[in-house]
Amino acid sequence: IKEILNEYQERLNTLITQSPQDIKFIDTKGKEHTLSKDTQKQWLQTFGLQNLEQSYIPKHSQAIQQALGGKEIKLQKGSLLKLVSQGREQYIPQIKEVLDNPEAIIRDKVGDYLLLKHLKDDDYFVNVSFDNGEYLVSISNGFKETNNLQNKLKNGGEIIYQSPNANSILQTLL
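Since the model is a prediction, treat every value here as computed from it, not as a measurement. (Residues numbered from 1 in each chain as written. Predicted model: local features only at pLDDT ≥ 70, side-chain atom pairs only at ≥ 80, totals over all residues. Heavy atoms only, no water.)

1. Re the overall build of the protein chain
Right, on to step 1. When helices and strands are counted, the protein chain shows 7 helices and 8 strands.
Right, on to step 2. Out of the 174 residues belonging to the protein chain, those deemed buried represent 37%.
Right, on to step 3. Accessible surface, the protein chain as shown: approximately 10500 Å² in total, 46% of it carbon and sulfur. (Helix = DSSP H or I, 4+ residues; strand = E, 2+ residues; numbered from the N terminus. Buried < 20%, exposed > 50% of the residue type's maximum accessible area, 1.4 Å probe, protein only. Areas by Shrake-Rupley, 256 points an atom, 1.4 Å probe, with all protein chains shown as cover.)

2. Focus on the side chain of H33
Right, on to step 1. Secondary-structure assignment places H33 in strand β2 (residues 32–35).
Right, on to step 2. A distance of 2.8 Å separates the side chain of H33 from the side chain of D27, its partner in a polar contact.
Right, on to step 3. Sequence-distant contacts of H33, defined by excluding residues within four places in its chain, comprise I23, K24, F25, D27, V84 and S85. (Polar contact = N/O pair within 3.5 Å; in protein donor to acceptor, adjacent residues only side chain to side chain. Contact = heavy atoms within 4.5 Å.)

3. Re the pairing of strand β4 (residues 104–107)
Right, on to step 1. Looking at chain direction, β4 and strand β5 (residues 113–120) are connected through 4 bridges and run antiparallel. Pairing of I106 across the sheet is with L114, part of β5.
Right, on to step 2. The hairpin formed by β4 and β5 contains 5 residues between the paired strands, and G111 there has a positive phi angle of roughly 100°.
Right, on to step 3. Bridge count for β4 against strand β8 (residues 158–162) is 4 bridges, and the pairing is antiparallel. Looking at the pairing, R107 lines up with E158 of β8. (Pairing = 2+ DSSP bridges.)

4. Thoughts on the sheet that holds β4
Right, on to step 1. Strand order across the open sheet formed by 6 strands is β3-β7-β6-β5-β4-β8, with mixed pairing between neighbours. Every other strand in the sheet has two partners, leaving β3 (73–74) and β8 as the edge strands with one partner each.
Right, on to step 2. Where helix α6 (residues 146–154) meets the sheet, it contacts β4, β5, β6 (123–131), β7 (136–145) and β8, and its direction lies at approximately 125° from that of β7. (Axes fitted to C-alpha atoms, helices over the stretch in contact; angles between N-to-C directions.)

5. Structural notes on helix α4 (residues 77–85)
Right, on to step 1. What α4 keeps buried is the set S79, L80, L83 and V84. All buried residues of α4 project into a common sector of 135° when viewed along the axis, lining one side.
Right, on to step 2. Buried-residue contacts for α4 involve β1 (23–26), β2, α2 (37–47), α5 (92–100) and β7. (Arc of directions from axis to C-beta.)

6. Brief notes about the side chain of N141
Right, on to step 1. If you trace the backbone, N141 turns up in strand β7.
Right, on to step 2. At 2.8 Å, the side chain of N141 and the side chain of N127 are in polar contact.
Right, on to step 3. Contacts of N141, omitting those with residues within four sequence positions, involve L75, S79, R88, I95, F125, V126 and N127.

7. Quick word on the pairing of β1
The two faces of the sheet receive side chains in turn, since in a regular strand these alternate between them.
Right, on to step 1. In this sheet, β2 lies alongside β1 in antiparallel orientation, the contact comprising 4 bridges. Bridged to F25 within β2 is H33.
Right, on to step 2. Two successive antiparallel strands, β1 and β2, enclose a turn made up of 5 residues, where G30 displays a positive phi of approximately 85°.

8. Overview of the nonpolar core
Right, on to step 1. Within the largest apolar cluster, 27 residues are counted, with the highest numbers of intra-cluster contacts made by W43, F47 and I105.
Right, on to step 2. Sort the elements by how many residues they give to this core and α5 lands first, with 4 residues.
Right, on to step 3. When near neighbours in sequence (up to four residues on either side) are disregarded, I105 contacts I64, A67, L68, Y113, L114, L115, E158, I159, I160 and Y161.
Right, on to step 4. I106, L114, L116 and V126 belong to the second largest nonpolar core, which has 9 residues in total. (Core = buried A, V, L, I, M, F, W, Y, C linked by side-chain atoms within 4.5 Å.)

9. Structural notes on α2
Right, on to step 1. Those residues of α2 lying buried are T39, Q40, W43, L44 and F47. Buried residues along α2 cover an arc of 130° about the axis, so they all sit on one side. Of the exposed residues in α2, those oriented more than 90 degrees away from the buried face are D38 and Q45.
Right, on to step 2. One or two residues past the end of α2 sits G48, with phi positive at roughly 65°.

Keep in mind these values describe shape, not function.
This is how it looks when you write it as C-alpha cells:
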C-alpha cells in the first residue's frame, strides 16, 4: 500500500507542476490578452487534448471526408488564442459541434471550406478552414447570418456537403 501511495503522490505532484497557469499573449494588433487556466482546461477537455500544442482532428464520416477532398481539418492553438482575443471563449462547445457534425459544408470562391451548424432563426455557427496543401487549417469560428452565407453561394461558392439531418431552415438557405 505504501508503494501505491507513493506512486499516487508522485503522479499528483506531476499533475500539480503541469497544471495550467494563466498565459499572457499579444494578438496580431499588439493588444495583450490573458488565456485563463479555466479556458485552457475547457479547451483541453472539450477536444480531448493532453496539452495546448496538440491539434484537434475531428473524425468525419466518409461523405464529409470526400467533401473535404480527403483532407483532415486541424484545429490548433492559434484558434484558441484568436477566440480569447475576440472574447469568444464561451463558443468552445459550438466549435467542437460544428467540426464534428456539420449540417452543411460550403466551398467558397477562394477555396475555403465553411462548415455550418444552424443555431436559431437566421444564425449559423461557422468554422472556416483553408487548404494549406497538406491539410485544412481552421482559421475562424463564429456566427454568420443567412444572408452572409447566401452571398457566399451567389458569389461562386457551392454546397459540397449536406447532412441528411440538416434542419428545414438550413434547407431553405441552400
